[in-house]
Amino acid sequence: MTGTPAPRPTAAHRPRPLCRRCCGIALDMGSARTRAWITGSGVVVDVPTVTGTGTGAGGGAGPGTGAGALHPVRRGAIVDTPGCARMLRRLLADRLPRPGHPLIVVTAPALDGLAYRTQARIAVEALRPRGVLTVPGARAIAVAAGADMCRPLLVADIGAHLTEVVLLHEGAVTDARRTALGTGDLDGTTPPERLSEAVAVMLTAMLRQDRTSLTADALARGVLLAGGGALRPEITGRLAGLLHTPLSVVPAPHTAAVRGAARLLQVAHTHPSASGALPPAADLH
């Protein structure tokens, strides 16, 4: 006996496969390193964020980090937009299929994000994109970690020259703190403990100033750690002792932001709204 055949999905509800002809770039431009993921290729760029004519070896691609190198991104701010454009053109233009206009997902700091997003969109015009989406770096990290964002979540991104602590609720930035201090600043006069203490101070301030229970709920779940600082046991160990809450390090924390942006890029390629009329710029909050 055969049953009634299941109804076939309509075009509006049928899953859309990843468009093999669609080109996309996930981009994370930090003050120390720039990382890019290209559709079908994976992470293909992981180099110092420099432009100019440095004398060092720039990770096998372009200018290095010597005396002649210029740094177009500093502590979470794009300070040389034309320099960023030249860097992106040099690193990525020849890697893109032709003809084609990529959809680009760019990570941005949670604080001062508007200025960063504006300059980043201008810079990526060098790649002739068909659309540009921006996403807070903390959200991209949470996506890379596969975190449950239906519940409050605390993300600490400890970078080379900037550290951010961000509270996410349902994937949106609810609160954020930052310090212009990172692993690149640690030396004999600035020990790792200072960076751990700075993160603890920011989290404590968020908890005290939150009139809701979101920060407390998130802190009870623990803190998600990313960035190069998450690989430093002298930082994470001290932080665990200060916070008395679980700490969870994202796998490959130094590339978590670009990998999360890549996942969002894949969603944009497979979602029906990604086809047809796409706004030239949008924010994924």
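Our subject is the structure listed above.
Read on for a plain summary of the structure. (Residues numbered from 1 in each chain as written. Predicted model: local features only at pLDDT ≥ 70, side-chain atom pairs only at ≥ 80, totals over all residues. Heavy atoms only, no water.)

**A short note on the sheet that holds strand E14 (residues 247-249)**
- Within the open sheet, the five strands sit side by side as E12-E11-E10-E13-E14. Their pairing is mixed. Of all strands in the sheet, those with a lone pairing partner are strand E12 (172-179) and E14, marking the two edges. Between one strand axis and the next, the sheet turns by 25° as a mean value, whatever way the strands run.
- Sheet analysis places strand E10 (residues 153-158) next to strand E13 (residues 223-226), joined by four bridges and oriented parallel. For Val 155, the partnering residue across the bridge sits in E13 and is Leu 224. (Pairing = 2+ DSSP bridges. Helix = DSSP H or I, 4+ residues; strand = E, 2+ residues; numbered from the N terminus. Axes fitted to C-alpha atoms, helices over the stretch in contact; angles between N-to-C directions.)

**A word on the pairing of strand E2 (residues 33-38)**
- In terms of burial, E2 is largely enclosed, as five of its six residues are buried.
- When strand E1 (residues 24-29) meets E2, the two strands line up antiparallel, connected through five bridges. Across the sheet, residue Leu 27 finds its bridge partner in E2, namely Ala 36.
- Here E1 folds back onto E2 in antiparallel fashion, the turn holding three residues.
- Summarising the sheet, E2 and strand E3 (residues 42-48) pair through six bridges and their orientation is antiparallel. Looking across to E3, one finds that Ile 38 is bridged to Gly 42.
- Joining the antiparallel neighbours E2 and E3 is a turn of three residues, in which Gly 40 adopts a positive phi near 85°. (Buried < 20%, exposed > 50% of the residue type's maximum accessible area, 1.4 Å probe, protein only.)

**Quick look at the side chain of Ser 31**
- Residue position: Ser 31 is located in the loop between E1 and E2.
- A polar contact is formed between the side chain of Ser 31 and the side chain of His 161, at a distance of 3.1 Å.
- With residues up to four places along the chain from it excluded, the contact list for Ser 31 reads Thr 49, Val 73, Arg 74, Arg 75 and His 161. (Polar contact = N/O pair within 3.5 Å; in protein donor to acceptor, adjacent residues only side chain to side chain. Contact = heavy atoms within 4.5 Å.)

**Considerations on the pattern of salt bridges**
- Counted according to the given criterion, the structure contains six salt bridges.
- Measuring nitrogen to oxygen at the nearest pair gives 2.8 Å for the salt bridge that ties Asp 46 to Arg 33. With Asp 46 in strand E3 and Arg 33 in strand E2, this pair connects stretches of sequence that are 13 residues apart.
- The class for Asp 46 is partly exposed, based on a relative accessible area of 30%.
- For Arg 75, the salt bridge goes to Asp 185, with nearest N and O atoms at 2.9 Å. (Salt bridge = Lys/Arg side-chain N within 4 Å of Asp/Glu carboxyl O.)

**Thoughts on the packing of helix H3 (residues 137-145) against helix H7 (residues 256-270)**
- One can describe the packing of H3 onto H7 by two numbers: an axis separation of 7 Å at closest approach and a directional angle of 80°. With respect to H7, the element H3 is oriented roughly perpendicular. Residues Arg 139, Ala 140, Ile 141, Val 143 and Ala 144 of H3 touch H7, and the partners they reach there are Ala 256, Ala 257, Arg 259, Gly 260, Ala 261, Arg 263 and Leu 264. (Parallel < 35°, antiparallel > 145°, perpendicular 65-115°, else oblique.)

**Side note on the nonpolar core**
- Counting residues in hydrophobic clusters, the biggest one holds 29 residues, and the most contacted among them are Ile 141, Leu 153, Val 155 and Leu 168.
- Listing elements by their share of this core, those giving two or more residues are strand E8 (103-108), strand E9 (131-136), H3, E10, strand E11 (163-169), E13 and H7.
- Tallying contributions element by element places H7 first for this core, with eight residues.
- Beyond its immediate chain neighbours, meaning those up to four positions away, Leu 153 contacts Ala 142, Ala 147, Val 166, Leu 167, Leu 168, Ala 218, Arg 221 and Leu 224. (Core = buried A, V, L, I, M, F, W, Y, C linked by side-chain atoms within 4.5 Å.)

**Focus: helix H6 (residues 233-243)**
- Residues of H6 that are buried: Ile 235, Thr 236, Leu 239 and Leu 243. Buried residues along H6 cover an arc of 90° about the axis, so they all sit on one side.
- His 244, located one to two residues past H6, shows a positive phi value of around 55°. (Arc of directions from axis to C-beta.)

**What to know about the side chain of Ser 196**
- When you line up the elements, Ser 196 lands in helix H4 (residues 192-209).
- Under the relative-accessibility criterion, Ser 196 is labelled buried at 1%.
- Ignoring sequence-local partners within four residues, the contact set of Ser 196 consists of Glu 234, Ile 235, Arg 238, Leu 239 and Leu 242.

**Let's talk about the pairing of E9**
- Counted residue by residue, E9 has six buried out of six residues, so it is predominantly covered.
- Of the two faces of E9, the one lined by Gly 131, Leu 133 and Val 135 and the one lined by Val 132, Thr 134 and Pro 136 are each fully buried.
- Across six bridges, E8 lies against E9 in parallel orientation. Within the sheet, the bridge partner assigned to Ala 108 lies in E9 and is Pro 136.
- The handedness of the E8 to E9 crossover, carried by helix H2 (residues 113-124), is right-handed. (Right-handed = clockwise from strand over helix to strand, strands pointing away.)

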